[in-house]
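Examining the three-dimensional arrangement
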Amino acid sequence: MSSKPGLPKGTRDFGPEQMFRRNYIIDKIKAVFETYGFLPLETPSLENLSVLTGKYGDEGDQLIFKILNSGDFLNKTNQEDYKKGSKEFSGKISNKGLRYDLTVPFARYVVKNQNDITFPFRRYQIQPVWRADNPQKGRYREFYQCDADIIGTNSLVSDLEMVWLIHDVFKSLDLNDFLLKFSNRKILTAISEYIGEPGKENTLYVSLDKLDKIGKDNVFKELKAKGMSERSCVKLAPILEISGDNRQKLEQLTEFIGNLETGKEGLEEVSFILDSIANKENTEFKLDFDITLARGLSYYTGTIFEVKPTTVQMGSITGGGRYDNLTGVFGLDGMSGTGISFGIDRIYDVMLELKLFPESEIAGTKVMITNFDQDTLKFSLEVLNRLRRNGINSEIYPDKSKMKKQFGYADKKGIHFVAIIGPEEATQKIVSLKNMSTGEQQRLTVDELIGVLS
RNA sequence: GUGGUUGUAGUUCAGUUGGUUAGAACGCCUGAUUGUGGUUCAGGAGGUCGCCGGUUCAAGUCCGGUCUUCCACCCCA
């Protein structure tokens, strides 16, 4: 066990069975993305560190995997660089890193190709990302993100589309045990203004996000520890008491921040989403307007959303929101967009736990042809080729082993049919087809065989 | 990054206060059955006890380090 080669922390192999299921998820998501008019994009696994750093906050920067420069990189450094410490020094010996998410490379792409892109630009991207985080359940160092973004418009219609998109994706996966929480960053900004701590919304939302986890008292404790005054906390307390359905929550919140400019904007935006959703027919929306929803990434400026499974213990499986100026850091201002990211590794774990993968998706080969001897082989290969030309997943057992072994192979691989071609069948140009689940066996011509298996 | 936890056959796990040749179940291989799998029966193979070092007459068992697993924090998908 030990001497066998291992895997780096937080990475995994995906065997055939897992790949069938992963592809099932990816195919479904891709299909929905395409019905929404999103176009595919891929970017390199590697980006220049100048592109990656400074976009995810100090903590995020530390989680970026850095790639050592090629060649004699030490030759280009000196004792002074070394003495400045790891952070400075790593800048001298590494200038590339593995991508941390898909949004920043996308922003880079948009800026680089701004003259060729027709805006608003709708793209989807399904690729792995890497984070040097400590792994746990549902947390890996290499995992896939499925992103869809609409950039180049600040229309709320795009935000609304994201809400629909989320529902359509989970519907097509038959994953119904989820809750879509949403809110608006402007509301948080207004709240921090209202309680007399303008500009401190970052402190506020980091703590508020933990409300259901650590409780109200601890949130206040943490806020005070971060320098928020007693008076602000007193003003905040009644806002946290807001409850009821989405409409009721919105109305109660209006009493606090309805007179503030950003507050008014935020409330109107939330209201628009709620109204529009209500108009979409025949769909039950599990939408929860949650004031305490914050989302970590600092680039969000408007609508924000997050999806959590309701019956499985798991972090968020989807998240996103509106960003007003994502490309600003790359020198292109005024490019507003909205985006969503599905975490397929977590969706996989949830679906596995809820047993939502259909059996039929797991089968690979539909029919296996037996291998008798040199004389029958010619006809067997002929049949094999005809099956394949008719789009039937088929394989021939490569060795002239005992029937017992050949059948055992088909059984273990879950192959539903075995086509037996022995001397008798070969001379008559027929096959004996055995259904492995019922045990029934019938003699068929090749044309009949294709008919049965199509 | 901080604190804890885990590692023994392909898999899931036993293994006494440190003491002869490290066990079980399932899986795997062979045969009963030279044209038929999943059941049954008989037999068999398979282990550097994660890795490196230390204590000891003696280490799977005790100690240190390291890697890995899972968990909490931080943060996140």
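Just so we're clear, the structure is a prediction, and the values are computed from it rather than from any experiment.

Model confidence for chain A is summarised by a mean pLDDT of 87, while 96% of its residues fall at 70 or above. Confidence, read as mean pLDDT per element, is least for helix H4 (residues 79-83) in chain A (75) and greatest for strand S1 (residues 39-40) (96).

This part is about the layout of surface pockets. In this structure, the second largest pocket occupies an estimated 250 Å³ of space. Elements supplying a minimum of two residues to the lining of the second largest pocket: helix H3 (57-62) and helix H5 (86-93). A breakdown of the residues in the lining of the second largest pocket according to their chemical character gives one nonpolar, four polar and four charged.

With that settled, the discussion passes to the nonpolar core. Soluble, globular proteins show a tendency: their nonpolar side chains are buried together. One finds Ile25, Leu165, Ile191, Leu253 and Phe342 to be the most contacted residues of the largest nonpolar core, which totals 70 residues. There are two domains that each give this core at least three residues, and those are domain 1 (1-177 + 311-357) and domain 2 (180-292). For Ile25, the residues in contact, after removing those within four places along its chain, are Leu173, Ile344, Ile347, Tyr348, Met351 and Phe357.

As summarised here, the arrangement of the eight strands in space is S1-S5-S6-S11-S10-S9-S7-S8, forming an open sheet in which the pairing is mixed. The open sheet has two edge strands, S1 and strand S8 (287-289), and neither has a second partner. In this sheet, strand S9 (residues 303-309) lies alongside strand S7 (residues 178-184) in antiparallel orientation, the contact comprising seven bridges. Residue pairing for S9: Phe178 is matched across the bridge by Pro309. Lying on the sheet, helix H6 (residues 103-112) is in contact with strand S5 (121-130), strand S6 (142-151) and strand S10 (318-323); it crosses S5 at an angle near 135°. Along the sheet, helix H7 (residues 156-172) makes contact with S5, S6, S7, S8, S9, S10 and strand S11 (337-343), crossing S11 at roughly 15°.

Below, the discussion takes up the pattern of salt bridges. Inspection of the entire model under this criterion finds 18 salt bridges. Salt-bridge contacts for Glu47 lead to Arg108; the nearest nitrogen and oxygen are separated by 2.5 Å. Of the two residues, Glu47 is situated in strand S2 (residues 46-48) and Arg108 in helix H6; the sequence distance between them amounts to 61 residues. As far as burial versus exposure is concerned, Glu47 and Arg108 are alike and both buried. Arg139 is paired through a salt bridge with Asp133; the nearest N and O atoms lie 2.6 Å apart. When salt bridges with common partners are traced through the structure, they connect Arg12, Arg22 and Asp345 into a single cluster.

According to the stated counting rule, one finds 13 aromatic pairs in the structure shown. A centroid spacing of 5.9 Å and a plane angle of 50° characterise the contact between Phe33 and Phe342, whose relative ring orientation is tilted. Of this pair, Phe33 sits in helix H1 (residues 16-35) while Phe342 sits in strand S11; the two residues are 309 residues apart in sequence, bridging distant segments of the chain. Its relative accessible area of 0% is what places Phe33 among the buried residues. Ring-pair connections join several aromatic residues into one group, and the members of that group are Phe33, Phe38, Tyr124, Phe170, Phe178 and Phe342. A cation over a ring is seen here: Arg21 above Phe357, with NZ or CZ 5.6 Å from the ring centre. The ring of Tyr194 has Lys235 lying over it, and the distance from NZ or CZ to the ring centre is 4.6 Å.

In the sheet, strand S15 (residues 430-435) pairs with strand S16 (residues 441-445) via five bridges, with the strands oriented antiparallel. The partner of Ser432 across the bridge, within S16, is Arg443. Taking the residues between adjacent antiparallel strands as the criterion, S15 and S16 are bridged by five residues, where Gly439 takes a positive phi near 85°.

To continue, consider the environment of Thr262. Its place among the elements puts Thr262 in helix H14 (residues 261-279). By relative accessible area, Thr262 is classed as partly exposed at 26%. Along the backbone, Thr262 and Asp177 are 85 residues apart, and their C-alpha atoms lie at a distance of 34 Å. Here Thr262 is in contact with Lys186, Ala190 and Glu193, once residues within four sequence places are set aside.

By the burial criterion, the buried members of H5 are Phe89, Ser90 and Ile93. Down the axis, H5 shows its buried residues gathered within 105° of arc, on one side only. The exposed set on the far side of H5, more than 90 degrees from its buried face, consists of Lys87 and Gly91. For H5, the elements touching its buried residues are strand S3 (66-67) and H4.

Now for the side chain of Arg322. By secondary structure assignment, the location of Arg322 is in strand S10. For Arg322, a relative accessible area of 4% translates into the label buried. One polar contact links the side chain of Arg322 to the main-chain carbonyl oxygen of Gly337, over a distance of 3.5 Å.

Take unusual backbone geometry next. In this model, Phe119 is joined to Pro120 through a cis peptide bond whose omega is -5°. Positive phi values are uncommon outside glycine, yet Asp174 reaches one of about 60°. Here Asp174 shows up in the loop between H7 and S7. Residue classification places Asp174 among the partly exposed residues on the basis of a relative accessible area of 46%. Phi angles above zero are rare outside glycine, and Lys429 is one such case at about 55°.

Along the chain, Ile347 turns up in helix H15 (residues 344-353). Taking C-alpha positions, Ile347 is 48 Å from Thr376, a pair spaced 29 residues apart along the chain. In contact with Ile347, not counting residues within four places along its chain, are Ile25, Phe170, Leu173, Leu175, Ile317 and Phe342.

Glancing now at H15. Here H15 lies mainly inside the structure; seven of its 10 residues are buried. Those residues of H15 that sit buried are Ile344, Asp345, Ile347, Tyr348, Asp349, Val350 and Met351. Its buried side turned inward, H15 meets H1, S6, H7, S9 and S11. Trailing H15 by a residue or two, Lys355 shows a phi angle of about 55°, which is positive.

Criteria and cut-off values
- Residues numbered from 1 in each chain as written.
- Chains lettered and ligands numbered in written order.
- Predicted model: local features only at pLDDT ≥ 70, side-chain atom pairs only at ≥ 80, totals over all residues.
- Heavy atoms only, no water.
- pLDDT = per-residue confidence, 0-100.
- Helix = DSSP H or I, 4+ residues; strand = E, 2+ residues; numbered from the N terminus.
- 1 Å grid on protein atoms, 1.4 Å probe; cavity = no way out; pocket = protein on both sides within 12 Å on 5 of 7 lines; lining within 4 Å.
- Points joined across faces, edges and corners; volume = space filled by probe spheres on them.
- Nonpolar A, V, L, I, M, F, W, Y, C, P; charged D, E, K, R; others polar.
- Core = buried A, V, L, I, M, F, W, Y, C linked by side-chain atoms within 4.5 Å.
- Buried < 20%, exposed > 50% of the residue type's maximum accessible area, 1.4 Å probe, protein only.
- Domains from an automatic or database assignment.
- Contact = heavy atoms within 4.5 Å.
- Pairing = 2+ DSSP bridges.
- Axes fitted to C-alpha atoms, helices over the stretch in contact; angles between N-to-C directions.
- Salt bridge = Lys/Arg side-chain N within 4 Å of Asp/Glu carboxyl O.
- Phe/Tyr/Trp six-rings, centres within 6.5 Å; stacked < 30°, edge-to-face > 60°.
- Lys NZ or Arg CZ within 6 Å of the ring centre and 35° of its normal.
- Arc of directions from axis to C-beta.
- Polar contact = N/O pair within 3.5 Å; in protein donor to acceptor, adjacent residues only side chain to side chain.

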